[in-house]
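Given next are the chains, with one letter for each unit.
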Amino acid sequence: MTSSRVFLAVSRSSLYALVFLLPLFFLPITAEWLEFNKQYLLYAAVTLGMLSWILRVMVERTIIIRRTPLDLPLLLLGLVLLVSTLFSTDRIVSFFGISGAAAWSFIPALFYFLLFFLITQHIIAERQIRRLLGFFVAGAFLSAAYYWFRVVNPVQMPNIFPAWNTISAVNSRFGMSLVIPLLLALARLTDKGRERSFR
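Criteria and cut-off values
- Residues numbered from 1 in each chain as written.
- Predicted model: local features only at pLDDT ≥ 70, side-chain atom pairs only at ≥ 80, totals over all residues.
- Heavy atoms only, no water.
- Helix = DSSP H or I, 4+ residues; strand = E, 2+ residues; numbered from the N terminus.
- Buried < 20%, exposed > 50% of the residue type's maximum accessible area, 1.4 Å probe, protein only.
- Contact = heavy atoms within 4.5 Å.
- Areas by Shrake-Rupley, 256 points an atom, 1.4 Å probe, with all protein chains shown as cover.
- Polar contact = N/O pair within 3.5 Å; in protein donor to acceptor, adjacent residues only side chain to side chain.

1. What about the overall build of the chain?
From N to C terminus, the chain includes seven helices and zero strands. Starting at the N terminus and ending at the C terminus, the chain contains elements arranged as α-α-α-α-α-α-α. In the chain, which comprises 199 residues, the share counted as buried stands at 33%. Taking the contacts inside the chain whose residues are at least 6 apart along the sequence as the reference set, 70% of them involve residues at least 24 apart. Per element, the accessible surface of the chain, about 12,600 Å² overall, is 72% carbon and sulfur.

2. Some remarks on the side chain of Ser143
By the secondary structure assignment, Ser143 is in helix H6 (residues 126-152). The class for Ser143 is buried, based on a relative accessible area of 0%. Here the side chain of Ser143 touches Pro23 through a polar contact of 3.4 Å, landing on its backbone oxygen.

This is the structure we're talking about:
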């Protein structure tokens, strides 16, 4: 396998790992278990994916960027966010966010844009889209299963595990009840796509 293909595989694998781990990931050693840790998981996966993409461009000495109808609107949104951050009364908070609201600032938004870029550049073929959705379905299904395991509570869990679920501090049995059938419907759609592709 050439170095270019290795870097391509690393970029795609970082996306697959991110969508699978994001619903499940938490660290019990931090003060905020869920959002803070998931945010840094996103940063790590996107950084790895972008570095691999840059290295592949350097190896191939060619830049190929796939365009989408959302490119211009997202670019304008990013510029608006940057300008509002620069003129904010508290630039530090506007750039980096604060504990409990880390997702609503410029740096997280920048990583969301980079994630969109990585997906549009690396998840192209139908089988790649199905695989990405499959990893997401698997991770979300395990997260929902964990929630219902804690609701039933057949055994006493150590304090290093979240009290209810691995997605949010807000716990809604109705909302989590909808997760599994929605995931099954999504999985069924990917199966139908596979059936069509092999006919």
